[in-house]
Amino acid sequence: MKKQPITQKNIAPVEYHFMTIKQKFVQQFLTKYENDFDQVKRWLSPMFFQEMEKKLDEHTARRLAEDSYFFLSGVVPNWPHFMMERMKKEPQSKLKKLIHTWQQPIFFFGEIIDVTDRYVAIEHAWTKEIVYVLDFSAMPHHIGENTLLLLVKGLEENIYYSLSMGIILTKASDSLFEAWNKLYKVTALPYKDFFQQHIDDCWRLLISETSLSSNTMRTDKKQLLVMLDAALIELDIKSEPLFLFTHRYVTTKHIKARKKGGFIAGVLQFGMKFNFIPPILTVTQLATICDVSKTTVYSYTAQLENYYKEEFSEWHLLEDEQTLYCSGTDATIIDREKWQLARLCDERSIEDEVTRKRLQKAKNIEFIPKNAHDLAQHFAYLAYEQTHDQQRFDFAQTSFSYDKNCVDALLLLSDYKGNETYLQRALELSEKSSDMERNRAYFKAAAVSFDMRNFEKSFDYLNQMTTWTVEQQYLRLAVLSALGEDRASKRLLATLPDNALTRWFTWTYHPIAENYNIAVMMNAFVDKYRQRDIDPLAYPRHCFYTEGCPVQGRLIYLLLYPMLQRNY
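Cut-offs and rules
- Residues numbered from 1 in each chain as written.
- Predicted model: local features only at pLDDT ≥ 70, side-chain atom pairs only at ≥ 80, totals over all residues.
- Heavy atoms only, no water.
- 1 Å grid on protein atoms, 1.4 Å probe; cavity = no way out; pocket = protein on both sides within 12 Å on 5 of 7 lines; lining within 4 Å.
- Points joined across faces, edges and corners; volume = space filled by probe spheres on them.
- Helix = DSSP H or I, 4+ residues; strand = E, 2+ residues; numbered from the N terminus.
- Nonpolar A, V, L, I, M, F, W, Y, C, P; charged D, E, K, R; others polar.
- Polar contact = N/O pair within 3.5 Å; in protein donor to acceptor, adjacent residues only side chain to side chain.
- Contact = heavy atoms within 4.5 Å.
- Buried < 20%, exposed > 50% of the residue type's maximum accessible area, 1.4 Å probe, protein only.
- Pairing = 2+ DSSP bridges.
- Axes fitted to C-alpha atoms, helices over the stretch in contact; angles between N-to-C directions.
- Parallel < 35°, antiparallel > 145°, perpendicular 65-115°, else oblique.
- Left-handed = near helix turned anticlockwise from the far one by under 90°.

## Considering the layout of surface pockets
Looking at the second largest pocket, its volume works out to about 1100 Å³. Looking at the lining of the second largest pocket, the elements that each hand over two or more residues are β6 (325–327), α15 (333–347), α17 (372–385), α21 (435–451), α23 (470–482) and β7 (543–545). Here the residues of the lining of the second largest pocket sort into 17 nonpolar, 15 polar and 13 charged.

This is the structure:
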């Protein structure tokens, strides 16, 4: 029975810490030998490298050549020696053992079978072994396609980090892996020795594989997808399902898009009609923006609609079930539930943990406030849940009318003009409140100070907190970066999840092309705001976002802005 992909919670946080260390080592190594490419070409032969550049793109050809030479061929001992030096300097015994295994990278190739925001699961083409790679960039639509990459071991079984390479191939490359297998069996060498001694032969088979070139997308079709991606970014919209549907359409249909702008307008109109994206433009506006007639827009929309209704069958591509994240200074529903549970336990004199947990699991148990203090807190939580500003203000006023010393009422009202002193009053009262209220008050003060560019004060407020959520740690990272505390911010960055935010911060610290490309791929909206040098918004009261969406892009840009101002 095929082993199922592990869940995110099974990956220990320390794996991501060691993964970051690995990334740093690789970057240091490649920087050290970046001027040695002439000897790489001599090893591979200049003529063969030119052939690789013709069949592949220049960047891919260079990466395959460099990685093969330095990490795989065994011709030069630079990488093992580099790792040995790092191992000698490392005080942690666990990391020492891990670095020792990194001296001999593993050449791995096979099918991508699962993609999450934490790992990519890949099944080996020959052995059917499944590995979970933590820092390999792939998207859900890559599931079912093949890849080849260099790996180094993580701590746990089947957990790996991508060393370099990381090329995604079409499914047609199954025949390439079969050709490699035939050569492997003829040589009768062990797996590791085969790829060490015959990697150049493997690359010759790669560029001569006709099935790969016949499945490559035409340039004009690629251009349409690039234009659609740019249009969505320009409109501050992210819709993975619409992009994947359009990708499937252009790859399966014979398209004569004489007016590329008209096709893009048709895609956007189709997307709005079938709720892939919000209805933000009329057909007239689309036609004007794309410089085509309304008839052209309707024509392309009709073609897409017909394909959608009559021919399209890959419905799994349109399942946009992404993790939703919450950020901001407001209390959350979880905070309210914790408060209700604590008050219920106080009211019923429940002290033992077993009864408390049973009560926590029970459904439809709600605390009913019976005094002014509890009523004030109840209405404060209701205020936090409102989406309309007037309703938020009304509930906050009601909370304040019941108890003028309610910390959350003061925090809520401090957002409104003329009430700025309420925040200081909330901080004073929070010293005698619960840890949850105290942390909320100091985080609010830290966010306000950050918006005012008073980073020292923001740092002091954050240090008054007793615990931080992951989202609150992002503000700590931004404050440390703004203060120029590079060493402390890099240490914190290494402990945070691998996502668009941490990738953009990684790029600001190490502004190399690879880091920039990964950051843009994970959230392109940040780059749009950066290039236009727009003023960032204030730190949000509350916002919900998914990976790669414009809301996340605006939050990242806000946190990154002081560092961008300093460095660029």
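## Quick notes on the side chain of Ser414
On the secondary structure map, Ser414 appears in the loop between α19 (407–413) and α20 (421–430). At 2.6 Å, the side chain of Ser414 forms a polar contact with the backbone oxygen of Leu411. Setting aside chain neighbours within four positions, we find Ser414 in contact with Asn419, Glu420, Tyr422, Leu423 and Lys444.

## Brief notes about the pairing of strand β2 (residues 120–124)
Here β2 lies mainly inside the structure; five of its five residues are buried. What you see with β2 is no split at all: Val120, Ile122 and His124 on one side and Ala121 and Glu123 on the other are buried throughout. Sheet analysis places strand β1 (residues 106–115) next to β2, joined by five bridges and oriented antiparallel. Paired with Ile112 across the two strands is Ile122, which belongs to β2. Note: β2 against strand β3 (residues 130–133), four bridges, orientation antiparallel. In the strand pairing of β3, Ile122 is matched with Val131. Two successive antiparallel strands, β2 and β3, enclose a turn made up of five residues, where Lys128 displays a positive phi of approximately 65°.

## What about unusual backbone geometry?
Phi at Ala188 takes a positive value of approximately 60°, unusual for a residue other than glycine. Here Asp291, not a glycine, exhibits a phi torsion of approximately 60°, which is positive. Residue position: Asp291 is located in the loop between α13 (283–290) and α14 (294–310).

## Side note on the side chain of Gln386
Residue position: Gln386 is located in the loop between α17 and α18 (389–402). Judged by its relative accessible area of 16%, Gln386 is buried. Gln386 has contacts with Gln391, Arg392, Phe395 and His542, leaving out every residue within four places of it along the chain.

## Comments concerning the packing of α17 against α21
Relative orientation and spacing of two packed helices are given, respectively, by the angle between their axes and the distance between those axes. Following both chains from N to C, one finds α17 and α21 inclined at 45°, their axes separated by 15 Å at the closest point. The angle between α17 and α21 falls in the class oblique. Where α17 crosses over α21, the handedness of that crossing is left-handed. Contact residues: Gln377, Tyr381 and Tyr384 in α17; Met436, Glu437 and Arg440 in α21. Its residues assigned to classes, the contact of α17 with α21 shows three nonpolar, one polar and two charged.

## Observations regarding the environment of Lys153
As for its position among the elements, Lys153 is in strand β4 (residues 146–153). For the pair Lys153 and Thr546, spaced 393 residues apart in sequence, the C-alpha separation works out to 30 Å. The residues contacting Lys153, other than those within four sequence positions of it, are Leu98, Thr101, Trp102, Ile159, Tyr160 and Tyr161.

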